[in-house]
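The chain contents come next:
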Amino acid sequence: VVSLSPAGIVADGRTVEPTGAALEAWERLPEDLSVERRMVGTYALALVNRVDYFWGGKSLTLGWDYRWGTTMKVTSEGSQSTGTYRPYGLDCSGFVDWAFYNATDGQYYPSGGNGGTQAQLNNCYVISESEALPGDLVFASDIGHVGIVGGRDDNGNLLIIHCTGGGYNNVVITGMDGFFGITARPQWY
């Protein structure tokens, strides 16, 4: 059983809720934000600092995936980590798909089962950065990385929730550094 509350997600008796910077971002979500966007943001924020980065890591599990944190071999090609053993988690596109999949009770995820970041972008409408709302997506210019807009900071700059290896190896909240590319709105909205 999976449910959503202001405190986070509950799956199979395990509560995962935003804490620290993630809770601050959740509390800053606009009051008039749609339920759909709020749900995507809540699920995304609930995994901050809780799920490892894993090249090729995907999960279409409702709620907590029991495999997360279990040592597994990286089998997807194209990374320096390929062939190594690491705690299982998500890659950037897997994280985005998981958040949407959970927010829609398994009905929608941006890649549509057709791959990673490029498939996600193909299922979005490109918008300007100024139009971005929590729950929209931001892609790196080479379409090699994706994150979910989690709101704005005190200066109006976008906050991005994403799963990254680059020095973090986790789900994190950062600014736009590294995302100087495309802002897009999933067709689901």
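Above this text sits the structure in question.
All of the points below concern the structure found in this document. Predicted model only: the values in this text are computed from it and were never measured.

Remarks on the side chain of Arg-37
Right, on to step 1. You can see Arg-37 is positioned in helix 2 (residues 35-46).
Right, on to step 2. For Arg-37, the residues in contact, after removing those within four places along its chain, are Leu-133, Pro-134, Gly-135, Asp-136, Arg-185 and Tyr-189.

Observations concerning the packing of helix 2 against helix 3 (residues 92-103)
Right, on to step 1. Two elements in contact, helix 2 and helix 3, have axes whose closest approach is 8 Å; the angle formed by their N-to-C orientations is 130 degrees. The orientation of helix 2 with respect to helix 3, classified from their angle, is oblique. Where helix 2 crosses over helix 3, the two elements pack in a sense that is right-handed. Between helix 2 and helix 3, the residues in contact are Met-39, Val-40, Tyr-43 and Ala-44 and Phe-95, Trp-98, Ala-99, Phe-100, Asn-102 and Ala-103, respectively.
Right, on to step 2. Each residue belonging to the contact of helix 2 with helix 3 can be placed in one class, and the counts come to nine nonpolar, one polar and no charged.

Considering the packing of aromatic side chains
Right, on to step 1. As enumerated under the stated definition, the model contains ten aromatic pairs in all.
Right, on to step 2. Ring geometry for Phe-100 and Trp-188: centres 6.1 Å apart, planes at 80 degrees, overall edge-to-face. Of the two residues, Phe-100 sits in helix 3 while Trp-188 sits in the segment after strand 11 (182-186), which places them 88 residues apart along the sequence.
Right, on to step 3. Among the aromatic residues, ring-to-ring pairing joins Tyr-43, Trp-64, Trp-68 and Trp-98 into one connected group.
Right, on to step 4. Here the guanidinium or amino end of Arg-37 rests over the ring plane of Tyr-189, the centre of that ring lying 3.8 Å away.

Things to note about unusual backbone geometry
Right, on to step 1. Here the phi dihedral of Asn-49 falls at roughly 60 degrees; this positive angle occurs in a residue that is not glycine.
Right, on to step 2. With a phi close to 55 degrees, Asp-105 is a non-glycine residue in the positive phi region.
Right, on to step 3. Of note, Asp-105 is situated in the loop between helix 3 and helix 4 (117-122).
Right, on to step 4. Assessed through its relative accessible area of 56%, Asp-105 is described here as exposed.

So, helix 3
Right, on to step 1. In this model helix 3 runs 17 Å from its N-terminal to its C-terminal C-alpha over twelve residues, within 8% of the 16 Å that 1.5 Å per residue would give.
Right, on to step 2. The buried count for helix 3 comes to twelve of twelve residues, which makes it a mostly enclosed element.
Right, on to step 3. Regarding helix 3, the residues found buried are Cys-92, Ser-93, Gly-94, Phe-95, Val-96, Asp-97, Trp-98, Ala-99, Phe-100, Tyr-101, Asn-102 and Ala-103.
Right, on to step 4. Note on helix 3: the residue one or two positions beyond its end, Asp-105, has a positive phi of about 55 degrees.

Calculation notes
- Residues numbered from 1 in each chain as written.
- Predicted model: local features only at pLDDT ≥ 70, side-chain atom pairs only at ≥ 80, totals over all residues.
- Heavy atoms only, no water.
- Helix = DSSP H or I, 4+ residues; strand = E, 2+ residues; numbered from the N terminus.
- Contact = heavy atoms within 4.5 Å.
- Axes fitted to C-alpha atoms, helices over the stretch in contact; angles between N-to-C directions.
- Parallel < 35°, antiparallel > 145°, perpendicular 65-115°, else oblique.
- Left-handed = near helix turned anticlockwise from the far one by under 90°.
- Nonpolar A, V, L, I, M, F, W, Y, C, P; charged D, E, K, R; others polar.
- Phe/Tyr/Trp six-rings, centres within 6.5 Å; stacked < 30°, edge-to-face > 60°.
- Lys NZ or Arg CZ within 6 Å of the ring centre and 35° of its normal.
- Buried < 20%, exposed > 50% of the residue type's maximum accessible area, 1.4 Å probe, protein only.
- Expected span 1.5 Å × (residues − 1).

On their own, these measurements won't tell you what the molecule is for.
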